[in-house]
Protein chains: 2
Amino acid sequence: MDKIRIGIAGYGNLGKGVELAVRQNDDMELCGVFTRRKPDTVKTVTGCAVYGMDNVAEHSDKIDVMIICGGSATDLPVQTPQLAEKFNVIDSFDTHARIPEHFANVDKSAKDSGHLAIISLGWDPGLFSLNRLYAESILPDGKTYTFWGKGVSQGHSDAIRRVEGVKKGIQYTVPVDEAMDAVRSGSMPELTTRQKHIRECWIVPEENADLQKIEQAIKSMKNYFDEYDTTVNFISDEEFDAVHNKMPHGGFVMRSGITGDDTHQMIEYSLKLDSNPEFTASVLICYARALYRMRKEGVTGCKTAFDIAPAYLSRLSPEELRAKML
Amino acid sequence: MDKIRIGIAGYGNLGKGVELAVRQNDDMELCGVFTRRKPDTVKTVTGCAVYGMDNVAEHSDKIDVMIICGGSATDLPVQTPQLAEKFNVIDSFDTHARIPEHFANVDKSAKDSGHLAIISLGWDPGLFSLNRLYAESILPDGKTYTFWGKGVSQGHSDAIRRVEGVKKGIQYTVPVDEAMDAVRSGSMPELTTRQKHIRECWIVPEENADLQKIEQAIKSMKNYFDEYDTTVNFISDEEFDAVHNKMPHGGFVMRSGITGDDTHQMIEYSLKLDSNPEFTASVLICYARALYRMRKEGVTGCKTAFDIAPAYLSRLSPEELRAKML
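Residues numbered from 1 in each chain as written. Chains lettered and ligands numbered in written order. Predicted model: local features only at pLDDT ≥ 70, side-chain atom pairs only at ≥ 80, totals over all residues. Heavy atoms only, no water.

**Points about the interface of chain B and chain A**
Move 1: Counting from both sides, the interface comprises 64 residues of chain B and, opposite them, 64 residues of chain A.
Move 2: When chain B packs against chain A, close to 5400 Å² is buried across both sides, 61% of that on carbon and sulfur atoms.
Move 3: Of all residues in chain B, the largest losses of buried area upon contact with chain A belong to Arg322, Met325 and Leu326 of chain B, amounting jointly to 15% of the total for that side.
Move 4: Summed over the shared surface of chain B and chain A, the number is 2 salt bridges.
Move 5: Across the salt bridge formed by Asp261 of chain A and Arg23 of chain B, the nearest N and O atoms sit 3.5 Å from each other.
Move 6: Summed over the shared surface of chain B and chain A, the result is 29 residue pairs in polar contact (both at pLDDT 80 or more).
Move 7: Sorting the residues of the side of chain B that touches chain A by element identifies helix 1 (13–23), helix 3 (99–113), helix 4 (127–138), strand 12 (249–259), strand 13 (263–273), helix 10 (276–296) and helix 11 (318–324) of chain B as the ones contributing at least two each.
Move 8: If one sorts the elements of the side of chain B that touches chain A by residue count, strand 13 of chain B sits on top with 11 residues.
Move 9: Residue classes in the side of chain B that touches chain A are distributed as 33 nonpolar, 18 polar and 13 charged. (Contact = heavy atoms within 4.5 Å. Buried area = accessible area lost by both parts, 1.4 Å probe. Salt bridge = Lys/Arg side-chain N within 4 Å of Asp/Glu carboxyl O. Polar contact = N/O pair within 3.5 Å; in protein donor to acceptor, adjacent residues only side chain to side chain. Helix = DSSP H or I, 4+ residues; strand = E, 2+ residues; numbered from the N terminus. Nonpolar A, V, L, I, M, F, W, Y, C, P; charged D, E, K, R; others polar.)

Structural data, given as structure tokens:
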């Protein structure tokens, strides 16, 4: 059987995760990492070849699915439509408000060039979105709740690192147990931002920094911390490096619904991830398999997880799936 | 917009659940209940018309989707292929070992007559199957665990009611917390049948029945109880009717997996259902919407939940889904 030939565009944490995930799926092979850096300065974990992004078009007939691992703020809005001119592409675009616009751009590019793209994959957007859709379709009368964490928020960690006097910093989003239990009880509570999550910061201060001032600056930061109960903890360089060197994350999607006259029904989906980028990469990789199969059936344009029949994701045949997994 | 015209074949707990679920989805209307009993002896909850099953063929152009609510042991293997000759059909066939055979029979019947069928819907098989598929596709290296309960097992309740001296009886399957916590820890334990679930029986004995003999007969029953730790509780008629008059159920699908070098990742899906038949009916109904749309696109033959792209389930348009739910 021909292996699915995978390319990686952008080699940060997510790109490395994809590299490792390909290794776990022997119906795939990694055919190249593409970087905007000087290729000879990039060393891959598995020894995969590295090429300059400028020459990516030369590889268009050697790669079945290009997995684009750039950031959502500035990389993906440009890269995904551009690369979709030459490749079938997958991305993890996660700026929820801009998804319709991104979808339209990628769809046009992919349709015009006869490629297939699947965007906004990962766990939120991605698996959490799927669970919201399934749960709301099954229980039309009810309320959906999403909780995130405990996990590292990259955006909030970046924000605290910009505060004066902060040498190193990391922020964990922590869902509030009492709020989750209230949802599980079926009472369908209205929950404020503050009631749902707390924010936990771990900081290594610069020498002689004003700790009170740092704490105040963080806790009052608009859009990031002011609507939350936030804790700020100061620790040593050594403790920071030893304890806070991972990127765990996760969360919960809950649907509390009513059927019949007043019968309560509860659906809950949760993830507990020791590495957010490695897990996200694993989602991208299994959708690369779906993309490859759907493209062979002639499908082009842009799709999301909502459009992909689950069977396309599995290595098992439809017969095996029905016999073993149904 | 034309409403989706739903028929119900078989009017027990599941059929009633479907009747109530249609009421929650105003893109659908219930066009008839079909029964093997004398139609004038059956009174529906919402006042829907009741017809004899013998005359069902006369309704073939008045119903878009027939939801077959018979039992898996003897009804569905016959009814689903038969009704698929005249209707698009949905069933909840749940005898896991016989799914391939049932699929083949329904597929032939539906293809020959130009209809579409979706079988084995509900939550297990159904939503639990979907979660097994998604989770195993994303995390190929790992172990999947399914726990059921706490909930009423119909088969086990029937079995204890056949024991001599038992007037009324109900059996709850209860997942063992310690086993679930061991799975969540990431240790990927090997769990025996006995370690995963306990079985809890509530019995109203006949007058002067030998309680010890009843308990012994239940606990040693082959295939049903002998591999489990079972508790047998004797209660009064009044308590039985007051406390054990519902059909709650639920359960957990967990995937414990490894990515990268040795990074643990955990996916968990759970249901807590106050009424098993009403929830199952809600699943069937939202797949009726998917069936209706796919049939309009020309699809025929037999499908399962694995073959249905999630977007087909939702009342929202693809644009709305991307904007609001992704």
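**Some thoughts on the packing of helix 1 of chain B against helix 10 of chain B**
Residues and elements named next belong to chain B.
Move 1: Taken N-terminus to C-terminus, the directions of helix 1 and helix 10 make an angle of 55°; their axes are 8 Å apart at the nearest point. Judged on the interaxial angle alone, helix 10 and helix 1 are oblique. Handedness of the helix 1/helix 10 crossing: right-handed. In this structure, helix 1 contributes Asn13, Leu14, Gly17, Val18, Leu20, Ala21 and Val22 to the contact, and helix 10 contributes Pro277, Glu278, Thr280, Ala281, Ser282, Leu284 and Ile285. (Axes fitted to C-alpha atoms, helices over the stretch in contact; angles between N-to-C directions. Parallel < 35°, antiparallel > 145°, perpendicular 65-115°, else oblique. Left-handed = near helix turned anticlockwise from the far one by under 90°.)

**Re the relation of the copies chain B and chain A**
Move 1: Between chain B and chain A, which share one sequence, the superposing operator has a rotation angle of 180° and an axial displacement of 0.0 Å; the RMSD is 0.0 Å. The transformation relating the two chain copies, once decomposed into turn and shift, fits a two-fold axis.
Move 2: Here 100% of the contact residues of chain B are again contact residues in chain A; the copies associate through an equivalent surface. (Least-squares fit on C-alpha atoms with pLDDT ≥ 70 in both.)

**Re the sheet that holds strand 8 (residues 151–152) of chain A**
Residues and elements named next belong to chain A.
Move 1: If you walk across this open sheet you meet the 4 strands as 8-9-10-11, and the pairing is mixed. With partners counted over all chains shown, the strands left at the sheet margins are strand 8 and strand 11 (229–234), one partner each.
Move 2: The pairing of strand 10 (residues 197–205) with strand 11 spans 6 bridges and is parallel. In the strand pairing of strand 11, Arg199 is matched with Thr230.
Move 3: Docked against the sheet, helix 5 (residues 154–161) engages strand 8, strand 9 (166–175) and strand 10, running at close to 145° with respect to strand 9. (Pairing = 2+ DSSP bridges.)

**Things to note about the nonpolar core**
Move 1: Counting residues in each nonpolar core, the largest one holds 148 residues, and the members touching the most others are Tyr287 of chain A together with Tyr287 of chain B.
Move 2: In contact with Tyr287 of chain A, other than residues within four places in its own chain, are Ile90, Ile118, Leu121, Leu130, Ala305, Ile308 and Leu313 of chain A together with Tyr134 of chain B. (Core = buried A, V, L, I, M, F, W, Y, C linked by side-chain atoms within 4.5 Å. Buried < 20%, exposed > 50% of the residue type's maximum accessible area, 1.4 Å probe, protein only.)

**Some points on the environment of Ala242 of chain A**
Move 1: Tracing the chain through its elements places Ala242 of chain A in helix 9 (residues 237–243).
Move 2: Each C-alpha atom, one on Ala242 of chain A and one on Gly17 of chain A, is 22 Å from the other, the two residues being 225 residues apart in sequence.

**Focus on the state of the cysteines**
Residue and element names in this part refer to chain A.
Move 1: In the structure shown here, the tally under the stated rule is 0 disulfides over all chains.
Move 2: The thiol of Cys69 is not disulfide-bonded; the next cysteine sulfur, from Cys48, is found 12 Å away.
Move 3: In this structure Cys69 comes out as buried when scored by relative accessible area, which is 10%. (Disulfide = S-S within 2.5 Å.)

**Some remarks on the sheet that holds strand 2 (residues 28–35) of chain B**
Residues and elements named next belong to chain B.
Move 1: Spatially, 3-2-1-4-5-6-14 is the arrangement adopted by the 7 strands of the open sheet, whose pairing is parallel. Of all strands in the sheet, those with a lone pairing partner are strand 3 (50–52) and strand 14 (301–303), marking the two edges.
Move 2: Here strand 4 (residues 65–68) runs beside strand 5 (residues 89–90); their pairing, made up of 2 bridges, is parallel. Residue Ile67 lies in a different strand from strand 5, and its bridge partner there is Ile90.
Move 3: Helix-sheet contacts for helix 2 (residues 75–83) involve strand 1 (4–9), strand 4 and strand 5, and the interaxial angle to strand 4 is about 175°.

**A look at the packing of aromatic side chains**
Move 1: Inspection of the entire model under this criterion finds 7 aromatic pairs over all chains.
Move 2: Between the aromatic rings of Phe128 of chain A and Tyr269 of chain A, the centroid separation amounts to 6.1 Å while the plane-to-plane angle is 80°, which identifies the pairing as edge-to-face. Within this pair, whereas Phe128 of chain A is found in helix 4 (residues 127–138), its partner Tyr269 of chain A is found in strand 13 (residues 263–273), the two being separated by 141 residues in sequence. The two residues Phe128 of chain A and Tyr269 of chain A agree in class, both being buried.
Move 3: Members of the aromatic cluster, joined through ring pairs, are Trp123, Phe128 and Tyr269 of chain A.
Move 4: Positioned above the aromatic ring of Phe147 of chain B, the side-chain terminus of Lys196 of chain B is 5.2 Å from the ring centre.
Move 5: Above the face of the Tyr228 of chain B ring, Arg199 of chain B is positioned so that its terminal group lies 4.1 Å from the ring centre. (Phe/Tyr/Trp six-rings, centres within 6.5 Å; stacked < 30°, edge-to-face > 60°. Lys NZ or Arg CZ within 6 Å of the ring centre and 35° of its normal.)

**Looking at unusual backbone geometry**
Move 1: Of note, the bond from Asp124 of chain A into Pro125 of chain A is cis; its omega dihedral lies within 30 degrees of zero at 5°.
Move 2: Of note, Pro125 of chain A is situated in the loop between strand 6 (116–118) and helix 4.
Move 3: The residue after Gly149 of chain B, namely Lys150 of chain B, is reached through a cis peptide bond having omega -5°.
Move 4: As for its position among the elements, Lys150 of chain B is in the loop between strand 7 (142–148) and strand 8 (151–152).
Move 5: The backbone of Ser120 of chain B shows a phi angle near 60°, a positive value even though the residue is not glycine.
Move 6: By secondary structure assignment, the location of Ser120 of chain B is in the loop between strand 6 (116–118) and helix 4.

**Section: helix 1 of chain B**
Residue and element names in this part refer to chain B.
Move 1: With 8 of its 11 residues buried, helix 1 lies for the most part within the structure.
Move 2: Residues of helix 1 that are buried: Leu14, Gly15, Gly17, Val18, Glu19, Leu20, Ala21 and Val22.
Move 3: Residues of helix 1 that are buried make contact with strand 1, strand 2, strand 4 and helix 10.

**Observations regarding empty space enclosed by the protein**
Move 1: This structure, assessed with the given rule, holds 2 cavities of 30 Å³ or more.
Move 2: Counted as a void, the largest cavity has a volume near 140 Å³.
Move 3: Forming the boundary of the largest cavity are 13 residues, of which Asn131 and Tyr134 of chain A together with Asn131, Tyr134 and Tyr269 of chain B lie nearest the centre.
Move 4: Of all the secondary-structure elements, those providing two or more residues to the lining of the largest cavity are helix 4 and strand 13 of chain A together with helix 4 of chain B.
Move 5: Roughly 30 Å³ of volume is contained in the second largest cavity.
Move 6: In terms of lining residues, the second largest cavity is bounded by Thr304, Phe306 and Asp307 of chain A together with Ala311, Pro318, Leu321 and Arg322 of chain B.
Move 7: Here the lining of the second largest cavity is built from residues that sort into 4 nonpolar, 1 polar and 2 charged. (1 Å grid on protein atoms, 1.4 Å probe; cavity = no way out; pocket = protein on both sides within 12 Å on 5 of 7 lines; lining within 4 Å. Points joined across faces, edges and corners; volume = space filled by probe spheres on them.)

**Thoughts on the pairing of strand 13 of chain B**
Move 1: Judged by how many residues are buried, strand 13 of chain B sits mostly within the fold: 10 of 11 residues are covered.
Move 2: Bridge count for strand 13 of chain A against strand 13 of chain B is 9 bridges, and the pairing is antiparallel. Residue pairing for strand 13 of chain B: Ile267 of chain A is matched across the bridge by Leu271 of chain B.
Move 3: Two elements, strand 12 of chain B and strand 13 of chain B, share 11 bridges in a ladder whose sense is antiparallel. Counted as the bridge partner of Gly251 of chain B is Leu271 of chain B from strand 13 of chain B.
Move 4: Joining the antiparallel neighbours strand 12 of chain B and strand 13 of chain B is a turn of 3 residues, in which Gly260 of chain B adopts a positive phi near 60°.

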